[in-house]
Every structure is written in structure tokens, then in C-alpha cells.
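One letter stands for each residue in the lines below.
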Amino acid sequence: MANAKQVERPLSPHLQIYRWQLPMITSILTRITGHALIFGGLMVYWWLFCAAVSDEYFQIANAVATSWFGDIVLTGSLWAVWYHYLAGLRHLVFDAGHGLDVPTATKLGWGLIIGSVLLTVITILVVQ
């Protein structure tokens, strides 16, 4: 027993073994967008706080929020809101025991991605 041959392999499955699938990617993106929404929320909070404090602070916050950086953060946050919302609806469908087979989960994943992009574009067009 002491002379048993050691096998060089991972002790548990890891990302290099799993084949990436759309339901896996959308699940990971749901977590990422949930955390990323904090940055957009903080930017909006900072903007509102500066508006309440003084005109000088508001001018600085407004310059950042309306700059190319602010546009990217706020547009990304808008997409993250729609993505996270639709992912929550998909999760409700999964919790009800529907759509758990791989083809349906893949279709729901594509619907999630395409739907969030379309809703983001529609929202931007409506707001402007």
C-alpha cells in the first residue's frame, strides 16, 4: 500500500474541465451584474449628494456623470439592471421547475442576453 502510484490529476472538477455553456455564462454574468450595479448606484448617489450640498460640487459631479466615463458607467448600469431583472424572471421560471433541460435553458439564456440589450437600447431611445 505504501508503494501506491500517485496519479497526477485535480482533486475536484474546475473550470478547465467544464465545457463552457450559455446557462453557465449567464449565471456568472448575473452575479457580476449584481455586484457591478453598486458602482452605478454609487455614481448616482454621489451626483444627488453633490446636488444637495452645493452648486460647486454639483458642477464637478455633473461633469463626471455626463463625460464619456459617466456615459459608459451609466449605460453599463442600465444594461446591468435589465439583465439582472430578466435573469431574476428566468430564475423564477427555473424555481417553478420549468426550463431546466439544456435546450430550453440555452434558449432562455439567449433571450436573456438579447432581451437585455434590446431593452437597454429602447430605454436609451425613450429617455433621449
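Draft legend 1. Just the packing of aromatic side chains, in detail. Enumeration over the complete set of coordinates arrives at five aromatic pairs. Where tyrosine 45 meets phenylalanine 49, the ring centres are 6.2 Å apart and the plane angle is 25 degrees; that geometry is what we call stacked. Taken as a pair, tyrosine 45 and phenylalanine 49 lie in helix 1 (residues 22-53) at a separation of four residues, close to a single helical turn. Phenylalanine 49 sits in the partly exposed class, given a relative accessible area of 46%. Ring geometry for tryptophan 68 versus phenylalanine 69: centroids 6.3 Å apart, planes at 85 degrees, classification edge-to-face. Classification of tryptophan 68 as exposed rests on a relative accessible area of 66%. We classify phenylalanine 69 as partly exposed; its relative accessible area is 44%.

What counts, and where the lines are drawn
Residues numbered from 1 in each chain as written. Predicted model: local features only at pLDDT ≥ 70, side-chain atom pairs only at ≥ 80, totals over all residues. Heavy atoms only, no water. Phe/Tyr/Trp six-rings, centres within 6.5 Å; stacked < 30°, edge-to-face > 60°. Helix = DSSP H or I, 4+ residues; strand = E, 2+ residues; numbered from the N terminus. Buried < 20%, exposed > 50% of the residue type's maximum accessible area, 1.4 Å probe, protein only.

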